[in-house]
Amino acid sequence: MSGAEQQKQEKQQKMRALLQELLQRAGNGTCADCGAADPEWASLTLGVFVCQACSTFHKANPNISRVKSVYLDPWQASEVEFMASAGNDAAKAKYEQKIPAFYYRPTHTDCQVLREQWFRARYERDEFVYIEKQEPYSTGYREGFLWKRGRDNGQFLSRKFILSEREGSLKYFNKHDAREPKAVMRIETLNATFRPAKIGSPNGLQVTYLRDNSTRNIFVYHEDGKEMVDWFNAIRAARFHYLQVAFPGASDADLVPKLTRNFVKEGYMEKTGPKQTEGFKKRWFTMDDRRLMYFKDPLDAYARGEVFIGSKENNYTVLSGLPPSTQGNRWPFGITIVTPDRKFLFACETEAEQKDWIAAFQRVINRPMLPQEYAGTQTHTHKVTGM
């Protein structure tokens, strides 16, 4: 190796050592965008350290951000000095000055559309620097067209939606000129969660609400990712202001986790009927908070039945395996949920799925029940309507 090459190598080692020191600084040890640990990329224009997954948004938008690998790319002293003068905390102070409490901040486990629009909202559109740019989701009223899946034919058709905080509802209309809505969803029972793979669109949103104390599913999407994320945050804003009125003493930190919720787990299992003498049938299960619902098809509007999962203090337990006398299950990995009234038997195709479901049930059962959940058990415990 020539002297010049050795000097060059030593310089890069020094640069990397300095970058390593910068990553140890407060704020820099997690991705500036999604919070994932140990970021390995740096934006030379924004002055932030980001993870591999979030670096793809930066690379795709060179007009906003120019990134380098902390470990693999050569660094100039001036670039390291810039990163030393910036950093994740400084960027947070600059780009996240006025984030509404209700706005959803995605993590590394969230879908692409949420993370990409979070990137654009901060670095491209300056939504959290200028409050007027938040109007699409903060005004308490939103009107527009979304592609909605038909309940019976499965086709996605354009439907008009109106979200009104003042009326406390989200409505949709089957015809563009219709005066009466096809459905009125009350804000107090409304939930929204992105389910792109299930819906078959990268911007697919599942909206649920209670109708006659049964969960009703609506599946929608929009071609424009920003439009769909704006609808999602508008729903969260409406829920936030409803909960502020419903719980006047509660802090923002208490209310924000209640705005929308992701499902605890979803997937296929087999189940048998209440007498446990019927054959097992494959069903799609959704664990939504304490409601375990099952569907013939993942995109059904209504569940075939639902089971309330209480806490261990109320004698709910989950066991690996099935009672010895059980027959009719094709899948070998059983799960038994014991409730105060009866046992529910399920079977999973793989051991990994069995372990995941047991862990999900255990998390719910380990969580103490809230007073309002006790009241709710009287109306929806173990409502089983069919196989």
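This one's a predicted model, so the numbers in the text were calculated from it and none came from an experiment.

Participant: Even after reading the chapter, I still don't get the layout of surface pockets, so can you show me in this structure?
Facilitator: A probe matching the size of a water molecule, rolled over the atoms, marks out where space remains unfilled. Empty space within the second largest pocket amounts to approximately 290 Å³. In terms of lining residues, the second largest pocket is bounded by 18 residues, among which Tyr104, Asp110, Thr193, Arg261 and Asn262 are the most central. Breaking the lining of the second largest pocket down by element, the ones donating at least two residues are strand S8 (191-194) and helix H8 (225-246). If one sorts the elements of the lining of the second largest pocket by residue count, S8 sits on top with three residues. Here the residues of the lining of the second largest pocket are counted per class, giving nine nonpolar, five polar and four charged.

Participant: Honestly, the packing of helix H2 (residues 52-59) against helix H5 (residues 112-123) in this entry has me stumped. Any pointers?
Facilitator: Relative orientation of the contacting elements H2 and H5 amounts to 55 degrees, with a least axis distance of 10 Å. Between H2 and H5, the interaxial angle falls into the category oblique. Note that H2 runs across H5; the crossing there is right-handed. For the pair formed by H2 and H5, the contact residues are Ala53, Cys54, Phe57 and His58 on the first element and Gln112, Arg115, Glu116, Phe119 and Tyr123 on the second. When the residues that make up the contact of H2 with H5 are grouped by side-chain class, the tally is five nonpolar, two polar and two charged.

Participant: So what exactly am I meant to see when it comes to the pattern of salt bridges here?
Facilitator: Should their charged atoms come close, side chains of opposite charge can pair. What the rule picks out here adds up to 20 salt bridges. The closest approach of N and O atoms between Glu353 and Lys265, which form a salt bridge, is 3.3 Å. Taken together, the positions of Glu353 in helix H10 (residues 351-366) and Lys265 in strand S11 (residues 265-271) put the pair 88 residues apart, joining distant regions of the chain. You can call Lys265 buried: its relative accessible area is 14%. Salt bridges here are not isolated pairs; linked through shared partners, they connect Asp33, Lys92, Glu96, Arg105 and Arg122.

Participant: Hey, could you run me through the sheet that holds strand S2 (residues 48-50) in this one?
Facilitator: Within a sheet, neighbouring strands are paired by backbone hydrogen bonds and run either parallel or antiparallel to one another. The strand order S2-S1-S3 describes an open sheet built from three strands, whose pairing is antiparallel. Two strands close off the open sheet at either side, each with one partner strand: S2 and strand S3 (67-69). Within the sheet, the average angular offset between the axes of one strand and its neighbour, ignoring direction, is 30 degrees. Pairing analysis gives three bridges linking strand S1 (residues 41-43) to S3, with the strands arranged antiparallel. Each residue of the ladder has a partner; that of Ser43, found in S3, is Val67. Of the strands in this sheet, S1, S2 and S3 are in contact with helix H3 (residues 77-85), which crosses S1 at around 85 degrees.

Calculation notes
- Residues numbered from 1 in each chain as written.
- Predicted model: local features only at pLDDT ≥ 70, side-chain atom pairs only at ≥ 80, totals over all residues.
- Heavy atoms only, no water.
- 1 Å grid on protein atoms, 1.4 Å probe; cavity = no way out; pocket = protein on both sides within 12 Å on 5 of 7 lines; lining within 4 Å.
- Points joined across faces, edges and corners; volume = space filled by probe spheres on them.
- Helix = DSSP H or I, 4+ residues; strand = E, 2+ residues; numbered from the N terminus.
- Nonpolar A, V, L, I, M, F, W, Y, C, P; charged D, E, K, R; others polar.
- Axes fitted to C-alpha atoms, helices over the stretch in contact; angles between N-to-C directions.
- Parallel < 35°, antiparallel > 145°, perpendicular 65-115°, else oblique.
- Left-handed = near helix turned anticlockwise from the far one by under 90°.
- Contact = heavy atoms within 4.5 Å.
- Salt bridge = Lys/Arg side-chain N within 4 Å of Asp/Glu carboxyl O.
- Buried < 20%, exposed > 50% of the residue type's maximum accessible area, 1.4 Å probe, protein only.
- Pairing = 2+ DSSP bridges.

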